[in-house]
Amino acid sequence: MTACIIDGKAVAAGIRKDLAKKTTACSHTPVLAVVLVGENEASRIYVRNKKKAAAEVGIRCEVFEFSGSIGENALLSSIQDLNDDPHVDGIIVQLPLPPQINPQKVLSHINPGKDVDGFSPYNVGLLAEREESAVVAATPKGILKLLESTGESLEGKHVVIIGRSNIVGRPTALLLLNHDCTVTVTHSKTVNLSDTVRQADIVVAACGCPKIVKKDWIKPGAIIIDVGINRLEDGSLCGDVDFEEVKETASYITPVPGGVGPMTVAMLLENTLEAAQRHACCHDENCHCGRCGGN
Ligand code: NAD
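Rules behind the numbers
- Residues numbered from 1 in each chain as written.
- Predicted model: local features only at pLDDT ≥ 70, side-chain atom pairs only at ≥ 80, totals over all residues.
- Heavy atoms only, no water.
- 1 Å grid on protein atoms, 1.4 Å probe; cavity = no way out; pocket = protein on both sides within 12 Å on 5 of 7 lines; lining within 4 Å.
- Points joined across faces, edges and corners; volume = space filled by probe spheres on them.
- Helix = DSSP H or I, 4+ residues; strand = E, 2+ residues; numbered from the N terminus.
- Nonpolar A, V, L, I, M, F, W, Y, C, P; charged D, E, K, R; others polar.
- Salt bridge = Lys/Arg side-chain N within 4 Å of Asp/Glu carboxyl O.
- Buried < 20%, exposed > 50% of the residue type's maximum accessible area, 1.4 Å probe, protein only.
- Pairing = 2+ DSSP bridges.
- Right-handed = clockwise from strand over helix to strand, strands pointing away.
- Expected span 1.5 Å × (residues − 1).
- Arc of directions from axis to C-beta.
- Contact = heavy atoms within 4.5 Å.
- Polar contact = N/O pair within 3.5 Å; in protein donor to acceptor, adjacent residues only side chain to side chain.

**Student:** Got a minute to help me understand the layout of surface pockets in this structure?
**Tutor:** Unfilled space is identified by rolling a water-sized probe across the atoms. Estimated volume of the largest pocket: approximately 1,500 Å³. Along the wall of the largest pocket there are 43 residues; nearest its centre are Tyr46, Ile229, Gly261, Thr264 and Val265. Counting only elements with at least two residues in the lining of the largest pocket, the list comes to α1 (8–25), α2 (41–56), α6 (138–149), β9 (230–231) and α10 (260–278). Residue composition of the lining of the largest pocket, grouped by class: 24 nonpolar, 11 polar and 8 charged. Estimates place the volume of the second largest pocket at around 400 Å³. Every residue lining the second largest pocket is counted, 19 residues in all, and those nearest its centre are Glu132, Ala134, Val136, Leu175 and His179. Listing elements by their share of the lining of the second largest pocket, those giving two or more residues are α5 (121–128), α6, α7 (169–178) and α10. No other element matches α6, which puts 4 residues into the lining of the second largest pocket. Class assignment of the residues belonging to the lining of the second largest pocket gives a composition of 7 nonpolar, 4 polar and 8 charged.

Right, here's the structure in full:
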């Protein structure tokens, strides 16, 4: 068997095309505020890519840059200004933050209605409670869309997730549980990882270990979603799955690059548009909805 490749680039392009139409129909141009602290080169590249992708679908992305030595209170106060600004629909804080700043405190400070990364405890809580109104983090949301793109039913499927981080493993577990999967979450302390993965109908690999998932870890016909992005010594990128081996056993598999990565950006833009649609009223000077904070 050779697996069908799930083309994340193509799925994401379709979603972006749809978003471009919807932003045109929105009562105002959606605005995404990106908070960037310090000089982290990778963060700058991510922010540049998000800004470009946003412009392509008609979302205005405004980057607020702060020195790496900024204090926690000053950063919280700047986020409060964005919370209070009725023209800002979505706010994201590019991680990582410098060591003097507690990221949980900062993420908790974002108005939940503007938290388009879905990292605030409020939105994570709504997701845990299976509330439809939860803003779901972009990578888990993208993973779900890729699984749905296969046309396979998710109900009752055993998903094994490798990794338990707050931005990928945990929210993906909650989201797939909410979609009637049976979910096992594994991590760096899991014993006999390969035996657990072999029981999976769906594997979500998100541990940042290059090509750790091998062909003999996979039940024939399983669906493989590879979230990992690892740079090898020769400069090339690879996932957490040994793609060449595993594609001989799986039914569907995502490549790296070109799988989950493009979906993450598309889902952030979708979350921003949805926030703008919710905040349409805030662009009226008589708005008293309480979400925009400006009135
Ligand atoms: P993280 O470092 O925060 O968490 C890694 C998780 O993997 C931890 O829970 C850890 O317990 C687990 N782990 C580590 N080694 C393991 C092992 N040998 N066996 C089993 N579990 C192990 O990482 P993260 O932020 O969740 O990211 C994971 C990977 O996904 C990274 O490669 C990252 O670059 C990538 N990523 C990709 C996207 C995307 O859009 N494609 C988005 C976010 C993260």
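**Student:** Please clarify how the pattern of salt bridges should be interpreted in this entry.
**Tutor:** A pair can form between side chains of opposite charge whenever their charged atoms are brought close. A full pass over the atoms with the stated rule returns 15 salt bridges. Between Asp195 and Arg198 there is a salt bridge, with the nearest N and O atoms lying 2.5 Å from each other. Exposure remark for Asp195: the relative accessible area of 38% places this residue in the partly exposed category. For the salt bridge of Lys219 with Asp201, the shortest nitrogen-to-oxygen distance reads 2.7 Å. Here Asp201 lies in the loop between α8 (193–197) and β7 (202–205) and Lys219 lies in the loop between β7 and β8 (223–226), a separation of 18 residues in the sequence.

**Student:** What should I look at first to understand the sheet that holds β7 in this one?
**Tutor:** Reading across from one edge, β1-β11-β8-β7-β5-β6 is the order of the 6 strands in this open sheet, with parallel pairing throughout. The open sheet is flanked by β1 (4–5) and β6 (182–186), the only strands paired with a single partner. Bridge count between strand β5 (residues 158–162) and β7: 4 bridges; the pairing is parallel. The residue bridging Ile162 from the neighbouring strand is Ala205, located in β7.

**Student:** Teacher, can you tell me more about the pairing of strand β2 (residues 31–37) here?
**Tutor:** The side chains of a regular strand alternate, first on one face of the sheet and then on the other. Across the 7 residues of β2, 7 count as buried, placing the element largely inside the fold. Pairing between β2 and strand β3 (residues 60–66): 7 bridges, direction parallel. Bridged to Val35 within β3 is Phe64. The handedness of the β2 to β3 crossover, carried by α2, is right-handed. Across 4 bridges, β2 lies against strand β4 (residues 90–93) in parallel orientation. Paired with Leu32 across the bridge in β4 is Gly90.

**Student:** Quick question: what am I supposed to make of α2 here?
**Tutor:** For an α-helix the count is 3.6 residues per turn, leaving residues at separations of three or four pointing the same way. The end-to-end C-alpha distance of α2 is 23 Å, a good match for the 22 Å that 16 residues give at a rise of 1.5 Å each. Within α2 the residues assigned to the buried category are Ser43, Val47, Lys50, Ala53 and Ala54. The buried residues of α2 occupy an angular sector of 130° when projected down its axis, which confines them to one face. Facing away from the buried side of α2 by more than 90 degrees, the exposed set consists of Arg48, Lys52 and Ala55. Contacts made by the buried residues of α2 are with β2, β3, β4 and α10. Put simply, Asn40 is the residue that caps the front of α2, since its side-chain oxygen is 3.0 Å from the backbone nitrogen of Ala42. Two residues or fewer past α2, Gly58 is found with a positive phi of approximately 85°.

Function cannot be read off these values alone, since they describe shape.
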